[in-house]
Amino acid sequence: MAEHDTRWLEAFPALAALEPEALALLCTRAQRVTLPRGTVVFQVGSLCQNYLMMLGGSVRVQMVSETGREIVLYRVQRGETCILTTACLMTRGDYSAEGVAETDLDAVALGAATFHDLMARSAVFRDFVFASFGSRLMGMMMLVEEVAFGRIDLRLARFLVDHRDGGGGLDTTHQALAVELGTAREVVSRQLKEFERRGLVALTRGRIAVRDPAGLEDLAGQRETAIP
């Protein structure tokens with residue numbers, strides 16, 4: 001990356017106040033990278049070697065159990081960084097989950113040595129890293145709360161409402177929804193059948209049509225802490 005090429009920093013407004021020395025270091029050592037859709041960005045047990053700052057695209061971070069059950073922890077998109085990558089760099093530990101490119105990716109990569117150098121030299125960079133980490137951590141805590149205490153019917157209703165496409169539905173499978181919600185496919189299938197019986201959705205192969213968005217919205221708005 002050319003020295004003092006700061007155009008990509010527009011995706012990270014918090015870095016606008018970087019100290020001149022830190023800015024020069026960041027721009028001379030950062031590497032612009034592109035990765036195709038489907039690339040495994042990192043995997044369980046691998047050593048973290050780069051701090052990725054996303055400019056475009058989406059990385060899905062997920063965990064897979066020994067039985068093959070999956071759960072999506074979060075996604076990393078434009079202007080964001082990965083909490084797991086940050087934790088691995090700070091602890092010099094290995095990854096405990098995997099990251100997969102859902103789309104073609106455009107990002108800036110900082111080598112581990114550069115990351116630690118900037119953390120030591122720049123208060124602005126440290127604030128940026130810790131603010132990003134804290135924001136992601138709050139999101140992870142909300143996920144834990146939802147999986148542990150949230151009713152599946154409410155969470156599924158919210159997901160269907162929030163992820164409708166222009167045609168008023170979702171092109172997805174019951175297994176994909178189970179991964180998103182951190183539950184079993186059978187649980188999702190049973191709940192979708194109940195939604196269909198109540199006239200909230202219509203189910204066809206690979207497609208869920210939302211027939212009553214207001215009804216799903218009302219259901220999703222309920223608050224319940226009992227374990228389903």
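Just above, that's the structure.
These numbers were taken from a predicted model, which means no experiment stands behind them. (Residues numbered from 1 in each chain as written. Predicted model: local features only at pLDDT ≥ 70, side-chain atom pairs only at ≥ 80, totals over all residues. Heavy atoms only, no water.)

Participant: Please give an account of the pattern of salt bridges that cites residues and values.
Facilitator: What the rule picks out here adds up to 15 salt bridges. Where D165 meets R207, a salt bridge forms, and the shortest distance between an N and an O atom there is 2.6 Å. Here the residue D165 occupies a position in the loop between α5 (152-162) and β8 (169-170), and R207 occupies one in strand β10 (residues 207-210), the gap between them amounting to 42 residues. Judged by its relative accessible area of 33%, D165 falls in the partly exposed class. (Salt bridge = Lys/Arg side-chain N within 4 Å of Asp/Glu carboxyl O. Helix = DSSP H or I, 4+ residues; strand = E, 2+ residues; numbered from the N terminus. Buried < 20%, exposed > 50% of the residue type's maximum accessible area, 1.4 Å probe, protein only.)

Participant: Give me helix α1 (residues 20-29): which residues, what numbers.
Facilitator: Of the positions making up α1, those classed as buried are A22, L25, L26 and C27. Looking at the buried positions of α1, the neighbouring elements they touch are β7 (105-111) and α3 (112-121). (Contact = heavy atoms within 4.5 Å.)

Participant: Please set out the pairing of strand β5 (residues 70-76) residue by residue, giving values where relevant.
Facilitator: In terms of burial, β5 is a largely internal element, 5 of the 7 residues being buried. Bridge count between strand β4 (residues 59-64) and β5: 6 bridges; the pairing is antiparallel. Note on β5: the bridge partner recorded for V61 is Y74. Hairpin remark: β4 followed by β5, antiparallel, with 5 residues in the connecting loop; positive phi at G68, about 95°. (Pairing = 2+ DSSP bridges.)

Participant: Mind laying out the sheet that holds strand β6 (residues 98-101), listing which residues take part and the relevant values?
Facilitator: If you walk across this open sheet you meet the 4 strands as β2-β6-β4-β5, and the pairing is antiparallel. Among the strands making up the open sheet, the edge pair consists of β2 (40-42) and β5. Each adjacent strand pair in this sheet contributes to an overall mean axis angle of 35°, direction not counted. (Axes fitted to C-alpha atoms, helices over the stretch in contact; angles between N-to-C directions.)

Participant: Explain the sheet that holds β7 residue by residue, including any values.
Facilitator: One key point about sheets: their strands pair by backbone hydrogen bonds, in either a parallel or an antiparallel sense. Taking strand neighbours across the sheet as the criterion, the 3 strands line up as β1-β7-β3 in an open arrangement whose pairing is antiparallel. With one partner strand each, in any of the chains shown, β1 (31-35) and β3 (50-56) form the two edges of the open sheet. When strand polarity is set aside, the average angle formed by the axes of neighbouring strands in this sheet is 35°. The sheet strands contacting α3 are β3 and β7, and the helix crosses β7 at an angle near 70°.

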